[in-house]
Amino acid sequence: MSDQNEPDPLDEPDPLDPFEEIIAAETDRDPDLAVIEAGSRTLRTQGGPPSADVPARPEDPEVDKALREVEAELATRWGETKLEPSVTRIAALMDVLGDPQRAYPSIHITGTNGKTSTARMIEALLGAFELRTGRYTSPHVQSITERISLDGAPISAERFIETYQDIRPYIEMVDSQQEYRLSFFEVLTGMAYAAFADAPVDVAVVEVGMGGSWDATNVIDGDVAVVTPIDLDHTDRLGGTPGEIAGEKAGIIKQDATVIMAQQPVDAAQVLLKKAVEVDATVAREGLEFGVVSRQVAVGGQLATLRGLGGEYPEVYLPLHGAHQAHNAAVALAAVEAFFGVGAARAEPLDIDTVRKAFAAVSSPGRMEVVRRSPTVVLDAAHNPAGARVIAEAVGEAFDFSRLIGVVGASGDKNVRGLLEAFEPIFAEVVVTQNSSHRAMDADELAAIAVEVFGDDRVQVEPRLPDALEAAITLAEEEGEFTGGGVLVTGSVITVGEARLLLGKG
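These notes cover the structure that comes with them. Residue numbering note: each chain is counted from 1, following its sequence as written. Totals for whole chains, interfaces and linings use every residue, but because this is a predicted model, local features are given only for residues with pLDDT of at least 70 and side-chain atom pairs only at 80 or more, for both listing and counting. Computation of side-chain values: all heavy atoms of the structure, hydrogens and water removed.

Here we come to the overall build of the protein chain. In DSSP terms, a helix is any run of H or I states spanning at least four residues, a strand is any run of E spanning at least two, and both are numbered starting from the N terminus. Each helix and strand in the protein chain was counted, giving 17 helices and 17 strands. Relative accessible area decides the class of each residue, using a 1.4 Å probe on protein chains only: under 20% of the type maximum gives buried, over 50% gives exposed, and in between gives partly exposed. Across the 506 residues in the protein chain, those meeting the buried criterion constitute 55%. Accessible area of the protein chain: about 20200 Å², with a carbon and sulfur share of 49%. Note on areas: these come from Shrake-Rupley sampling with a 1.4 Å probe, and a residue is covered only by the protein chains present in the view.

Following this line, the structure appears as structure tokens:
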């Protein structure tokens, strides 16, 4: 679901506040988007400094202009929801670029939920062991440059622009030879692989965009293939059962690779294991070869004992909330062990102090992220029923809210009813809204479904995200300043990204 833009409870602008001036200058852009990027002082927030994981717009006007020009060019291409399922075009681009994706080993990640958090954990572990990493994830929370990271940080706007300009002639060459132009995602994938080769990196951590077999990222041969939990999402393109979806996702399992498999539905597991046998891949399964031994809630996250391929790793602090993140951590640990040959070429486990240090430094913006206190505002990008169920459980474990208000904005192509039903037990009330994406479900349409799930007296409609945030904060404060009211903003990555900006993060 999706959330959005900018509140204006005060009609009179502060003459000392540059906010209105910034908005006025954005005359040639969508006014709501201009408001989002400018940020807002009108919400009663207590946001901290921007996270380094989510870069703000470049401060240099010339760099910002150049980045906007690149974004505008990319926006003319097919978006991430319009696909022609093949790797023909990306393979052609890699060929003319000299196959940069073969310049380094890679860990390839697919699944339905948990891919980005798992990728960040893998990246942190590899970096702690002094390897230079490249990470490619999607979608981005706020800035397009987040998608391509080097050494644990998004590449700079300058480097992003330079990478695009470097491969642009080759993109145009491939465009002229293909029936369809390279898509937005294909171009970004090419940029990531080129940037990693140019760095150069010791290892690339790559998250698929959708599926596996025909995903643009699948021109790499991952030494380690990671499959996070599979559930129903993108069923129009991937299949209507976990087993059918697993058939597409199994496409990242390559000859002689090691497969790190999170807990899966039975039919999905069967499909993945069959593919592994066909290509002589080695399989490690969560709950058998590795897993979570124990976990307990801790301040700011949780303390877990993980069992890896090389033995147990006790007292690992993870600054992320929810049982699902502990399971993601177990998967990430096993993937890095497999990359280093633990359990195969070497018997001893990884250095425990290094593992602890890496996990303690992990962050995952927009995933159970607290961005404000009094009342507490939590952001999570859950956008399908499976993700929503996990987050509903995690909220109950990590927070003692006496009254939780939901802010939900959804994409029209998602199972919105299932998502709302998952959150219904934990939301006292829900404020439905919509984000700035053209894919966003209309707030009134979303409200009609919400009323069927929650009842009319528990649903409030605020089409603009800033108004929805303001309304939810007000509802959470109704019990008084020192009571346990909270707000959960959820439904889509776009909603969360826009709310992050409005709440002073980035």
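From this point, the narrative continues.
A grouping of Glu59, Asp60, Glu62 and Glu158 is seen on the molecular surface, where their side chains present a negatively charged patch. Tracing the backbone shows glutamate 62 in helix α3 (residues 61-75). Distance thresholds for patches are 9 Å for like charges and 5 Å for nonpolar side chains (Val, Leu, Ile, Met, Phe, Trp, Tyr), applied to residues having over 30% relative accessible area and no salt bridge. Salt bridge, as applied in this entry: a Lys or Arg side-chain nitrogen positioned within 4 Å of an Asp or Glu carboxyl oxygen. We treat Lys and Arg as the positive residues and Asp and Glu as the negative residues; His and chain ends play no part in the count. Here the site of a charge means NZ on Lys, CZ on Arg, CG on Asp, or CD on Glu.

Another aspect to go through is the pattern of salt bridges. Pairing of side chains with opposite charge becomes possible as their charged atoms draw close. Taken as a whole and assessed by the stated rule, the structure comprises 25 salt bridges. Between glutamate 369 and arginine 500 there is a salt bridge whose closest N-O contact spans 2.7 Å. With glutamate 369 in strand β12 (residues 369-372) and arginine 500 in helix α17 (residues 493-502), this pair connects stretches of sequence that are 131 residues apart. The exposure classification of glutamate 369 matches that of arginine 500, with both residues buried. Each member of the salt-bridge network shares a partner with another, and the members are Arg57, Asp64, Arg68 and Glu71.

Our next topic: the environment of aspartate 95. The residue aspartate 95 is located in helix α4 (residues 88-97) in this model. As a C-alpha pair, aspartate 95 and tyrosine 170 span 75 residues in sequence and 9.8 Å in three-dimensional space.

Grouped together as the largest cluster of nonpolar side chains are 39 residues, with contacts concentrated most on Leu74, Ile148, Phe160 and Phe196. Secondary structure elements with two or more residues in this core: α3, α4, β3 (148-150), α6 (157-177), α7 (184-198) and β5 (203-207). Contacts of phenylalanine 160, omitting those with residues within four sequence positions, involve Leu67, Val70, Leu74, Ile144, Thr145, Ile148, Ile155, Leu188 and Met191. Think of a nonpolar core as a cluster: buried Ala, Val, Leu, Ile, Met, Phe, Trp, Tyr and Cys residues, connected wherever their side-chain atoms sit within 4.5 Å. Every residue pair with non-hydrogen atoms within 4.5 Å of one another is taken to be in contact.

Our next topic: the environment of valine 461. Mapping valine 461 onto the fold places it in strand β16 (residues 459-464). For the pair valine 461 and valine 431, spaced 30 residues apart in the sequence, the C-alpha separation amounts to 5.7 Å. Each residue touching valine 461, except ones within four places of it in the same chain, is listed here: Val432, Ala443, Asp444 and Ala447.

On the accessibility criterion, glutamate 369 (14% relative accessible area) is buried. With near-sequence residues (within four places) excluded, glutamate 369 lies in contact with Val377, Val378, Leu379 and Arg500.

Below, the discussion takes up the side chain of arginine 367. Along the chain, arginine 367 falls in the loop between α12 (352-360) and β12. Buried and unpaired, arginine 367 has no salt bridge, with aspartate 380 as the nearest side chain of opposite charge at 6.2 Å. In this structure the side chain of arginine 367 is engaged in a polar contact, spanning 3.0 Å, whose partner is the backbone oxygen of proline 365. Contact partners of arginine 367, with chain neighbours within four places excluded, come to Thr116, Ser117, Val141, Gln325, Leu379 and Asp380. Nitrogen and oxygen atoms within 3.5 Å of one another constitute a polar contact, given that in protein one can donate a hydrogen and the other can accept it, and given that sequence-neighbouring residues count only through two side-chain atoms.

Another point: the sheet that holds strand β6 (residues 224-227). Each strand in a sheet pairs with another by means of backbone hydrogen bonds, the pair being arranged parallel or else antiparallel. Strand pairing is defined by DSSP finding a minimum of two bridges between the two strands. Read across the sheet, 8 strands follow the order β4-β3-β2-β5-β1-β6-β7-β8 without closing on themselves; strand pairing throughout is mixed. Two strands in the sheet have a free side with no partner beyond their single neighbour: β4 (153-154) and β8 (282-285). The sheet contact formed by strand β1 (residues 106-110) and β6 spans 4 bridges and is parallel. Looking at β6, one finds that threonine 110 is bridged to valine 227. Against the sheet, helix α10 (residues 266-278) touches β6, β7 (258-261) and β8, its axis set at about 170° to β7. Working convention: axes come from line fits to C-alpha atoms, limited for helices to the stretch in contact. Angles between N-to-C directions cover 0 to 180 degrees.

The geometry of two aromatic rings is summed up by the distance between their centres and the angle between their planes. Only rings of Phe, Tyr and Trp enter the pairing, Trp through its six-membered ring, and a pair is recorded when the two centres are within 6.5 Å. The plane angle decides the type: under 30 degrees is stacked, over 60 is edge-to-face, the rest tilted. Per the counting criterion, the structure on display carries 8 aromatic pairs. With 5.0 Å between their ring centres and 15° between their planes, phenylalanine 423 and phenylalanine 427 make a pair best called stacked. We note that phenylalanine 423, like phenylalanine 427, is buried. Taking 6.4 Å as the distance between ring centres and 15° as the angle between the ring planes, the aromatic pair formed by phenylalanine 427 and phenylalanine 454 counts as stacked. Highlighted residues: phenylalanine 427 in the loop between α14 (416-423) and β15 (429-434) and phenylalanine 454 in helix α15 (residues 443-454), separated in sequence by 27 residues. Exposure class is identical for phenylalanine 427 and phenylalanine 454. Each is buried.

The next thing to look at is the sheet that holds strand β17 (residues 485-490). Pairing is mixed across the open sheet formed by 6 strands, whose spatial order is β12-β13-β17-β14-β15-β16. Either end of the sheet is taken by a strand with one partner, and the two such strands are β12 and β16. Averaged over all pairs of adjacent strands, the angle between their axes in this sheet comes to 25°, without regard to strand direction. Where strand β14 (residues 403-409) and β15 come together, 5 bridges link them in parallel fashion. Across the sheet, isoleucine 405 pairs through a bridge with glutamate 429, a residue of β15. Along the sheet, helix α16 (residues 465-476) makes contact with β12, β13 (376-379), β14, β15, β16 and β17, crossing β16 at roughly 145°.

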